[in-house]
Amino acid sequence: DKQQILKDTTLFFSHSTPNLTMVIPAMDYINEVFVTGMLDEECFNPSIHAAVRLTKKTLNKYYSLMDTSDLYHIMMVLHPHHKLEYFRHTKWEADWIKTA
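Please read these numbers as outputs of a predicted model, since none were measured by experiment.

Conventions adopted
- Residues numbered from 1 in each chain as written.
- Predicted model: local features only at pLDDT ≥ 70, side-chain atom pairs only at ≥ 80, totals over all residues.
- Heavy atoms only, no water.
- Helix = DSSP H or I, 4+ residues; strand = E, 2+ residues; numbered from the N terminus.
- Buried < 20%, exposed > 50% of the residue type's maximum accessible area, 1.4 Å probe, protein only.
- Contact = heavy atoms within 4.5 Å.
- Areas by Shrake-Rupley, 256 points an atom, 1.4 Å probe, with all protein chains shown as cover.
- Expected span 1.5 Å × (residues − 1).
- Arc of directions from axis to C-beta.

A closer look at the overall build of the protein
Now for step 1: The helix and strand tally for the protein stands at six helices and zero strands.
Now for step 2: Moving toward the C terminus, one meets the helices and strands of the protein in the order α-α-α-α-α-α.
Now for step 3: Per-residue burial over the protein gives 28% buried out of 100 residues.
Now for step 4: In the protein, the share of contacts with a sequence separation of at least 24, taken over all contacts with a separation of at least 6, comes to 45%.
Now for step 5: Surface accessibility of the protein: about 7,200 Å² in total, with carbon and sulfur atoms responsible for 60%.

Structure, rendered in C-alpha cells:
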C-alpha cells in the first residue's frame, strides 16, 4: 500500500536525525516503489498522475545533483553498511563505481 510506505518513511525519519546514508536509500525506495509504481498504474486520477510526474522530475533533479557531489560518493563508500555495494545494487556502471 502506497500510504503505508509514506507512513513508514515518515515514522523512520521522525525517530532519529537522518543523515545522507539514511536518506539516499529511502529516496531510492520511494522512487522505485511509490513514484514509478504510481506512474505505471492507470487507476489514479489524471491530476494525481501529473503530481507524481512532477515529484519524479524533482527527485531526478536532486539525484543528478548528488551524482556531482564528491561528499556523497565518499560518504556512501566509507559507510560500513553500504561501501561499494550500494552503487552495485543501484546498477551504476562499472566505470562510475571505480570513480566513486
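Having seen the structure, we can now continue with the description.
So, helix α3 (residues 46–67)
Spacing of three or four residues puts side chains on the same side of an α-helix, whose turn is 3.6 residues.
Now for step 1: With 22 residues, α3 extends 31 Å between its outermost C-alpha atoms, agreeing within 8% with the 32 Å of an ideal straight helix rising 1.5 Å per residue.
Now for step 2: For α3, the complete set of buried residues consists of H49, V52, L59, Y63 and M66. In a view along the axis of α3, the buried residues occupy a sector of 90 degrees, so they form one face of it. In α3, the exposed positions that point more than 90 degrees away from the buried face belong to P46, L54 and K57.

Observations regarding the environment of I97
Now for step 1: With respect to the secondary-structure elements, I97 resides in helix α6 (residues 94–99).
Now for step 2: Overall, I97 belongs to the buried group, its relative accessible area being 12%.
Now for step 3: The spatial distance from the C-alpha of I97 to the C-alpha of V77 is 9.5 Å, given a sequence separation of 20 residues.

Describing the environment of D28
Now for step 1: Tracing the backbone through its elements, the reader meets D28 in helix α2 (residues 20–40).
Now for step 2: Look past the residues within four positions of D28 in its chain and what remains in contact with it is Y63, Y86 and T90.

Brief notes about helix α4 (residues 70–78)
Now for step 1: Those residues of α4 that fall on the buried side of the exposure criterion are Y72, H73, M75 and M76. Each buried residue of α4 lies within a common arc of 165 degrees when the element is viewed along its axis, so the set occupies one face. Away from the buried face of α4 by more than 90 degrees, exposed residues D70, L71 and L78 are located.

With respect to the environment of H49
Now for step 1: Among the secondary structure elements, H49 is positioned in helix α3.
Now for step 2: Taking relative accessible area as the criterion, H49 reaches 11% and is therefore assigned buried.
Now for step 3: Separated by 11 residues in sequence, H49 and M38 have C-alpha atoms that sit 7.3 Å apart.

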